[in-house]
Each structure stands twice: as C-alpha cells, then as structure tokens.
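# Summary of the model geometry
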Amino acid sequence: MTGDELIRLRVLDDRDVFTMRRVGREVAEMAGLAGSDQIRVATALSEIGREVLARGLAASAAFLLGRDTLTVTIDLPADTGFQRADGVTLAGRLVDTIECDPSGGRVVMVKSLPAGRARPSAEMIRTRIAALAPVSALDELRRQNRELAETLEEVLQLNTELEETNQGVLALYNQLSAELEETNRGVVALYAELDEKSGQIREAGDARNRFWTTVSHELRTPLNSIIGLVRLLAGPGGEPLGPEQFHQVQLIGSSAETLLALVSELLDMAKAESGRLDPQPSAVDLIALTERLGMVLRPTSGLDQVTLSVEVSESSPEMLVDEAMLTKILRNLLSNALKFTERGEVRLEVAPDAATHEMVFTVTDTGIGIPAEHLERVFEEFYQVPGPIQARAKGTGLGLPYARRLAEAMGGTLRLSSTVAGATAAGTATGGTTAVLRLPRRHDGPPVVGRVLVADDDDEFRATVRRMLTGFAAHVDEASDGLAALELMAGALPDLVLVDLLMPRMDGAALLLRMAEDERLRTVPAVVVTVVTSHQYPQTARAVISKHGLSRETLLEAVRHAVEGGGE
Amino acid sequence: MDRVPVLKLGDVLIVSIQVDLQDQGVLALQEDLADAVVATGARGVIIDITAVEIVDSFIGRMLATIASISRMLDAETVVVGMRPAVAITLVELGLSLGGVRTALNLEKGVALLNSSEDTQIAAAAR
C-alpha cells in the first residue's frame, strides 16, 4: 500500500463507480498489466464500488502505483460495519490481496505488477488519467455544485440578516412615524392656539375701533353744545359782556372748535381703521369740485404771501369717483400745504395719465418741506415733523394717514416727495413738498348699456348695484320681485336684466322662464346675481355672479360681457 | 444516457452493445428489449457484447435476467461475442450466466437459434 498516488476519486453514485472502473482499467493498462488483468482490476473495483453504493456510503478511492504493485485504497466512513461482504469477496477473487478494515473504514486492494515491464512514470500516468475528461468535468461540476450550495447558504444567511435589519428599520420607521405624528399633533394644537390668538387680536382691534368711534361720538355732542352756547353768549342777542369776558368766551369757542375738528378727524380715522370705507362713485365735475375747494381754503391762508392756484386738464373734466372722499383727500393735502407754506404758491394740478389709466392730482407747495427721514413717518398716525412751524400750526397728525387710507380705499395711491428749504450754500433755495394722488379712472365716457333692470328683493343691494352702475348704465330700473320686473319690462324694454334667484311672489328662475317664453323679452340678456351657490342655474342666464364680495369690477365685467354676447 | 438500439431481423431481435455499459443503460435495455419482444413477437434474441470490456456481477446478473424475461416471452436468448478476458473474469467471479446460452459470434448465434428452434431468419434463409 505504498507508492505514488496517481489519482483520488470520489465514489458517491453509480456514475462514479463507472468512472472508477474505467480509470482502474486505464491505470492497470499503463502500469503494465495484461489485458485480462486489466479487466480483473476494473471488475474488482466495480464490485467493491457497488457494495459501497448498496450500503449508501460515501467513499473515495485512491490509486497508488508502487514499484511492483498497484494498490487501490477505498476510504469509507469509519465504524460503519463494512464487513467482507459479497462485493469484496468477489473482488478478492480477482486481485492478489484485499484487506478490509471496518473500524478504520478502509478497503485496500493490491494487484502485483509483472516484473521487468517498462512503464511510463507516475507523472505521465497522472496526466493521461486526468485527460479522461468526464472524470474531471464531473468533479468540477460537483465542486461547483458544492460551492454553489455554500454560496446559497451564505445568501440565505445574508437574507436572514437583511430581514433582521429590515425589521430594525421597520421598527425605526414606526417609531419615527409615531414621533412625527405626535409632533404633528403638537403643530395642530399650536396652530389652533395661533388661530385663537389672532382671533383675540382681531377682537382687540375691533374693540379699539369701537372705543374710538364711541369716544369720538360721545365727545362731539358736548363739544357742539359748548360751541352753540358760546355763540349764544357772544352773539348779538345775548346780554352784553364785558370786553374781557367777550375775549375769554371767544377763546372758549375757538378752543372748542379746535377740539371738535380734532375729534372729527379721530372719528374719520376710526372709520378708516375699521375698514368700513366703501367708495360710492358717481360722476364728478372736477372743475366744480376744485373750485369749491379753492373757495373754502383760500381765506384760511391768512397772509397774502401765499397764492392758491388750481389747474384742471380740459380734456377730462369729469371723473367717476366718490366725491366726498376725493374732497376730503384734496382738502387735507391743500390745507397741509397752505399750513406749511409761508410765502410762495400752493398749486393743484389735475391731469389724466393715459399710460396707466389714472387721474393724477398733484399738490405742490413752496413750503418748508419734509426732511427725507420723515417722509414715510408722516403717514403714521399722530406723527408730526418736529419744528417751530409745526408746533405753531394746529393739527393732530391724522390728516395724511387718513388721506392715504381714503386713496387706498378708492384703489389709488398717495405719495409725497419733498425738499427742505434753506440751509444751502446759496441761501435762497426754496423747499417744497409735492403730494401726488393717483386714482384709477373708472369707466368714463358714454354709458355702455342703455337700460338695466335690477330684480332683487333686497333694497340695499339694489341701491348698491345702482351706485355701481352709475355712469356705466344710462338708466337703472329696480324691481323687488319677478312680477314687478315683468311689469317694468313690459313698459320699457331693458338692455340687460340682473336677476336674483330668491325673490318673493315670482323667483328668478320663474322670471327667466317667463322671459324665455316671451318673444320680446327672449333677447334680453340676463345675469344671475345670487347667494345660492349649489343651485341649478337656468340655461338662459348669460352669466352667474355671486352676491358675496361683489365688487364693481366684477359686476361691470359681467354686464359688459353679457351685453356684448347679446350683440353677436 | 445512450440507449442501446434493438434491431429486428426476421424473427430475431439483435442487440449490439457497442459501448461500455453503465448500470442505467443495462436497466433501460432490459425494458426496451422486453417491449420489443412483445411488439414484434420475436422468437429469438441475440445480445452482442463484443465491445463490452467489463462484465461484473451486476451486469452478469442482468444478462441472466434479460434471458429469463425473454424466455418468459417465448424468445430464446443467445449472448455472443464475449471477450476472453470477460469470460475469464466471469468464471473467476464464480458467475456462469446460468440459463444464458452463448455463442462465439453473431453468425454462430444465428445458427444456434435456427437449429434449436424452427425459428427462421429471413435473411439467412435466402
């Protein structure tokens, strides 16, 4: 059982046995055994191999080439009780010796070689046997299989690990989700709190406005009484007063009047603050308006060193605007200008700006001017530029803020620019302030529609619509329900009908139906103005607009659209 | 796994094993041959093992089994072309292929079948 190991084979199935006996025959041939001995060796190996397989054992066979023996050892698992069974007995008849060691798990088969026969070296035999392709290929396949199985196992393990990691991640995710949810709840709670706080702030603001209004109103009444009583005292009908008394009473009167003016301004400001400024545009003759202003303001200029001049562009003397608001703004601006101008000129120019469709009111003075750092602050309530003239002049610091609020309420802007007088090297430079009020030019020109019928049971709404349509429609008829609307239409055919859906006696839908049936009324375009949002609107309506937050622009746009649509 | 072809010549089926047989091949041959005997109604089977180098106890038993099965199906089996080394080995193993008749080569096998039975081989008769 000594010699060079030529090859070692695994014996696991019948193919291995087949290979083993083929290898046995080759080896025997190369070792110099005669033909029948080759067959004997191969057959013996076949018998032993079958015996091994029959017992379900995994074995390996090694071919050893000694000097004068060929030895094949078959290694088996130890202690399997592999006795000298039939196969081994049969094999024993074919070879010289066969030893079986059941406890060591080894069968050794020896075949002696004929002496003096030349044979190739062990190395060459090894190479030749290795060339028996199926053997190596099978082995290779088996090896790869085993590796594959190992890899698979690894993959399975990795998979398990991955799964564990996954679970970890999932747990983390769940935890994070929970935390996020909690945070979310916190945010929602915070949000609610914020909401509450802003509500409180709004309430506080409302309360402040109410307070202003109430106080101003309550103050005005007694002030008016004082002024009235002073007039009675100082008037010609009363008992004669001493000169000193007369003077004091006059002082009381003027103080009361100042106070009243102040309170009035406060009241206006409070109104503006509460956002209840609703411009009510109407066609205004700008020339007449500015002339009235001039007449009112000129005497108050006092000294003759200041002239007030007014210039209105001839091209557009009319404008659709809230007259009262415009008057207030201009009066504030002009009186401010006059107040702070000691000599020179205060000038009001009115001209349209075609590029922006705006009407531009420019008030220029040659007064003391406003230092640049105060230009924006003068629009803050109660803010006054510090200085000797300001101290002398009466005022609350509410005029400009109020004017700006009014301008914004009308969709316009109010800006100031100014240069401060004096203090230059030449010493003669005059200062001056320019206030520019720009108001959007609403529809001006001929009315777009001739006759508009407003059918609505809400008096206030009808009035609002009438106001909005001023200048846009030549005539506005009002009807409080469908029947009244039909009667009116029978009298004078309108160019457009504004219909409310919810009306007593005959509602909007019925009215539209009746109109559709009437040959004359069929062509009249109708615009539904309603609070009902989820209603099935009548087919004949040209447009549907909501009463909520109805602006003049929306209404005019709808009307214009409906009228133009009807002309097609 | 290569199958061993089963050829029909007259009443005789000829199986020529040209490769070193593996166990699966032998088992397959046993089935194929039994089917062929039934299908053709052959009276004789000749198994040519000229190319077979190794006949161990298993293959020896299988040859005997094939012969028994064929006899059950009314066909005589003759194994022909056994190599000397194989014969020696079989004897040394103590196997005599009991019940299997042998002949030296195919021609003698055919003659054996013709003489023992009244089996006629079309090709040989002419």
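Residues numbered from 1 in each chain as written. Chains lettered and ligands numbered in written order. Predicted model: local features only at pLDDT ≥ 70, side-chain atom pairs only at ≥ 80, totals over all residues. Heavy atoms only, no water.

Per an unreviewed UniProt entry, chain B is named RsbT antagonist protein RsbS, and its organism is Planomonospora venezuelensis.

As recorded in an unreviewed UniProt entry, chain A goes by histidine kinase and comes from Planomonospora venezuelensis. Of chain A, the UniProt comment under Catalytic activity (unreviewed entry) reads exactly: "ATP + protein L-histidine = ADP + protein N-phospho-L-histidine." Recorded in UniProt under Subcellular location (unreviewed entry), the annotation for chain A is "Cell membrane". (UniProt positions renumbered as here; feature names shortened; annotations may be inferred.)

Counting its secondary structure elements, chain A contains 14 helices and 17 strands. Looking at chain A as a whole, 39% of its 568 residues qualify as buried. A separation threshold of at least 6 residues defines the contact pool for chain A, and within that pool the share at least 24 residues apart is 69%. For chain A, the computed accessible surface area is about 31000 Å², with 54% contributed by carbon and sulfur atoms. (Helix = DSSP H or I, 4+ residues; strand = E, 2+ residues; numbered from the N terminus. Buried < 20%, exposed > 50% of the residue type's maximum accessible area, 1.4 Å probe, protein only. Contact = heavy atoms within 4.5 Å. Areas by Shrake-Rupley, 256 points an atom, 1.4 Å probe, with all protein chains shown as cover.)

What follows is about the overall build of chain B. Counting its secondary structure elements, chain B contains 5 helices and 5 strands. Along chain B, from the amino end to the carboxyl end, the secondary structure elements read β-β-α-β-α-β-α-β-α-α. Out of the 126 residues in chain B, the part that is buried amounts to 48%. Of the contacts made within chain B by residues no fewer than 6 positions apart, 73% connect residues no fewer than 24 positions apart. Approximately 6000 Å² of chain B is accessible, and the part contributed by carbon and sulfur atoms is 55%.

Attention now moves to the sheet that holds strand S12 (residues 432-440) of chain A. Residue and element names in this part refer to chain A. Across the sheet, 5 strands lie side by side as S7-S9-S10-S12-S11; this open sheet has mixed pairing. In the strand order of this sheet, the two ends are held by strand S7 (306-312) and strand S11 (413-419), each with one partner. Strand after strand, the sheet turns through a mean of 15 degrees between neighbouring axes, direction not considered. Here strand S9 (residues 344-353) pairs with strand S10 (residues 358-365) via 8 bridges, running antiparallel. In the sheet register, Arg347 faces S10, and the bridge partner there is Thr364. (Pairing = 2+ DSSP bridges. Axes fitted to C-alpha atoms, helices over the stretch in contact; angles between N-to-C directions.)

On the side of chain B, 18 residues touch chain A, which itself brings 18 residues to the contact. Taking both partners together, chain A and chain B bury about 1700 Å²; carbon and sulfur atoms supply 52% of that area. The salt bridge involving Glu92(B) is made with Arg40(A); its shortest N-O contact spans 2.4 Å. Here chain A and chain B share 6 residue pairs in polar contact (both at pLDDT 80 or more) between them. When residues of the side of chain A that touches chain B are traced back to their parent elements, those giving at least two are helix H1 (14-30) and helix H2 (35-54) of chain A. Here the element with the most residues in the side of chain A that touches chain B is H2(A); it accounts for 9 residues. By residue class, the composition of the side of chain A that touches chain B is 5 nonpolar, 4 polar and 9 charged. (Buried area = accessible area lost by both parts, 1.4 Å probe. Salt bridge = Lys/Arg side-chain N within 4 Å of Asp/Glu carboxyl O. Polar contact = N/O pair within 3.5 Å; in protein donor to acceptor, adjacent residues only side chain to side chain. Nonpolar A, V, L, I, M, F, W, Y, C, P; charged D, E, K, R; others polar.)

Let us look at the packing of aromatic side chains. All told, the structure shown has 0 aromatic pairs over all chains when counted by the stated rule. We note Arg404(A) situated over the ring of Phe379(A); from NZ or CZ to the ring centre the distance is 3.6 Å. (Phe/Tyr/Trp six-rings, centres within 6.5 Å; stacked < 30°, edge-to-face > 60°. Lys NZ or Arg CZ within 6 Å of the ring centre and 35° of its normal.)

Of all the residues in helix H3 (residues 84-93) of chain B, the buried ones are Ala85(B), Val86(B), Thr89(B), Leu90(B) and Leu93(B). All buried residues of H3(B) project into a common sector of 135 degrees when viewed along the axis, lining one side. Away from its buried face by more than 90 degrees, H3(B) exposes Pro84(B) and Val91(B). In this structure, the buried side of H3(B) is in contact with H2 and helix H3 (86-92) of chain A together with helix H2 (57-72) of chain B. Among the residues trailing H3(B), Gly94(B) stands out with phi positive, at a value near 90 degrees. (Arc of directions from axis to C-beta.)

Turning to a nonpolar patch on the surface, a few remarks are in order. A surface patch of nonpolar side chains, amounting to about 260 Å² of accessible area, comprises Phe211(A), Val215(A) and Leu219(A). On the accessibility criterion, Val215(A) (31% relative accessible area) is partly exposed. (Patch = residues over 30% accessible without salt bridge, like charges linked within 9 Å, V, L, I, M, F, W, Y side chains within 5 Å.)

Let's shift gears to the confidence of the model for chain A. Residue-level pLDDT values for chain A average 80, and 89% of them are 70 or greater. Counted against residues more than four places away or in other chains, residues 423-428 of chain A, with its pLDDT under 50, gives 1 contact. (pLDDT = per-residue confidence, 0-100.)

Residue and element names in this part refer to chain A. Evaluated as defined, the whole model comprises 28 salt bridges over all chains. A salt bridge links Arg126 to Glu123, with the shortest nitrogen-to-oxygen separation between them at 2.9 Å. Linking Arg126 with Glu123, this pair stays in helix H4 (residues 122-130), spanning 3 residues, or about one helical turn. As a salt-bridge pair, Glu478 and Arg462 come within 2.8 Å of each other at their nearest N and O atoms. Separated by 16 residues along the polypeptide, Glu478 in strand S14 (residues 473-479) and Arg462 in helix H11 (residues 459-468) bring together distant segments of the chain. Classification of Arg462 by relative accessible area gives buried; the value is 10%.

Attention shifts here to the confidence of the model for chain B. All names here are of chain B. Mean pLDDT over chain B: 84, with 90% of residues reaching 70 or higher. Long-range and interchain partners of residues 122-126, a stretch whose pLDDT sits below 50, account for 4 contacts in this model, where long-range means more than four residues apart. Reported confidence for the predicted complex is 0.81 by ipTM and 0.39 by pTM.

Moving on, we get to H4(A). Residue and element names in this part refer to chain A. Within H4, the full set of buried residues consists of Ala122, Ile125 and Ile129. Projection of H4 onto a plane perpendicular to its axis shows the buried side chains occupying an angular sector of 60 degrees, all on one side. Its buried side turned inward, H4 meets strand S1 (4-11), H1 and strand S2 (59-65).

Let us look at the environment of Pro401(A). Residue and element names in this part refer to chain A. Here Pro401 is to be found in helix H10 (residues 399-409). For Pro401, a relative accessible area of 4% translates into the label buried. Pro401 sits 18 residues away from Tyr383 along the chain, and the two C-alpha atoms are 9.2 Å apart. If we ignore the near neighbours within four places in the chain, the residues touching Pro401 are Met269, Val378, Phe379, Glu380 and Glu381.

Turning next to the side chain of Arg50(A). Mapped onto the elements, Arg50(A) comes out in helix H2. Among all residues touching Arg50(A), those that are not within four sequence positions of it are Val17(A), Arg21(A), Asp23(B), Asp56(B), Phe58(B) and Ile59(B).

It is worth spelling out the nonpolar core at this point. All names here are of chain A. Judged by nonpolar contacts, the single largest core of 48 residues is most densely connected at Leu286, Leu326, Phe361 and Leu437. Per-element accounting of this core gives the leading share, 8 residues, to helix H8 (residues 323-339). Judged by nonpolar contacts, the second largest core, of 39 residues, contains Met20, Ile74, Leu90 and Val95. (Core = buried A, V, L, I, M, F, W, Y, C linked by side-chain atoms within 4.5 Å.)

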